[in-house]
Amino acid sequence: MLSILFTVAIVVAVVAMAARRWQARHHGRQRLGATIERAVVVGRFDEIDATLDRYRCPRCGEAVQRTGEFSRSIGTRRFRVARVLCRGCGHEERVHFDVTAAFH
Ligand SMILES: [Zn+2]
């Protein structure tokens, strides 16, 4: 009997941990700029610099440093993707910008 309770407790703990992890990942994807679908729309390229200056790490809230940048285009839409590195915890991520309007 005790071993069944013990097993149930372990299963509950594992499920709760997985749910928390999924929630954190889901929340991260919802952030503006986190994916190409949620790209930050900018009208000029200097708005990218301004946005990254204000950008804070989603994990610890520290400022980030840009480590690289590349372009992508999907159909007629153009994107810039900035790679950033957190100055606090070292978390690395990409921030997506829709720069289509900057070309017109
Ligand atoms: Zn951080």
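Cut-offs used in this document
Residues numbered from 1 in each chain as written. Predicted model: local features only at pLDDT ≥ 70, side-chain atom pairs only at ≥ 80, totals over all residues. pLDDT = per-residue confidence, 0-100. Helix = DSSP H or I, 4+ residues; strand = E, 2+ residues; numbered from the N terminus. Buried ≥ 20, exposed ≤ 12 C-beta atoms within 10 Å, placed from the backbone. Contact = placed C-beta atoms within 7 Å. Core = buried A, V, L, I, M, F, W, Y, C linked by C-beta atoms within 7 Å. Pairing = 2+ DSSP bridges. Axes fitted to C-alpha atoms, helices over the stretch in contact; angles between N-to-C directions.

Undergrad: I would appreciate a short explanation of the confidence of the model for the protein chain in the present structure.
TA: Should the pLDDT be low somewhere, the predicted coordinates at that spot are not to be read in detail. Counting all residues, the mean pLDDT for the protein chain is 93, and 100% of those residues have values of 70 or more. Ranking the helices and strands of the protein chain by mean pLDDT puts strand β3 (residues 77-86) first, with 97, and helix α1 (residues 2-30) last, with 89.

Undergrad: So what exactly am I meant to see when it comes to the environment of Cys60 here?
TA: Of note, Cys60 is situated in the loop between α2 (46-54) and β2 (64-74). On the basis of neighbour counts, which here come to 12 C-beta atoms within 10 Å, the residue Cys60 falls in the exposed class. Counting along the chain gives 29 residues from Cys60 to Cys89, while the straight-line C-alpha distance between them is 6.8 Å. What Cys60 contacts, discounting residues up to four positions off in sequence, is Cys86, Gly88 and Cys89.

Undergrad: It is not clear to me how the nonpolar core should be interpreted in this structure. Could you clarify?
TA: Across soluble globular proteins, nonpolar side chains show a tendency to be buried alongside one another. In terms of nonpolar packing, the biggest core is built from nine residues, these being Ala39, Val40, Val64, Ala82, Val84, Cys86, Val95, Phe97 and Val99. At three residues, β3 tops the list of elements feeding residues into this core. Setting aside chain neighbours within four positions, we find Phe97 in contact with Ala39, Val40, Val42, Ile48, Phe79 and Arg80.

Undergrad: Explain the sheet that holds strand β1 (residues 40-41) to me, please; I cannot follow it from the model alone.
TA: Strands pair in a sheet through their backbones, by hydrogen bonds, and they do so in one of two ways: parallel or antiparallel. Spatial strand order, β1-β4-β3-β2: four strands in an open sheet with mixed pairing. Only two strands of the sheet have a single neighbouring strand rather than two, namely β1 and β2. Taken together, the 10 bridges between β2 and β3 define a ladder with antiparallel strand orientation. Within β3, the residue paired with Phe70 across the bridge is Val81. Against the sheet, α2 contacts β1, β2, β3 and β4 (92-98), and its axis sits at roughly 30° relative to β3.

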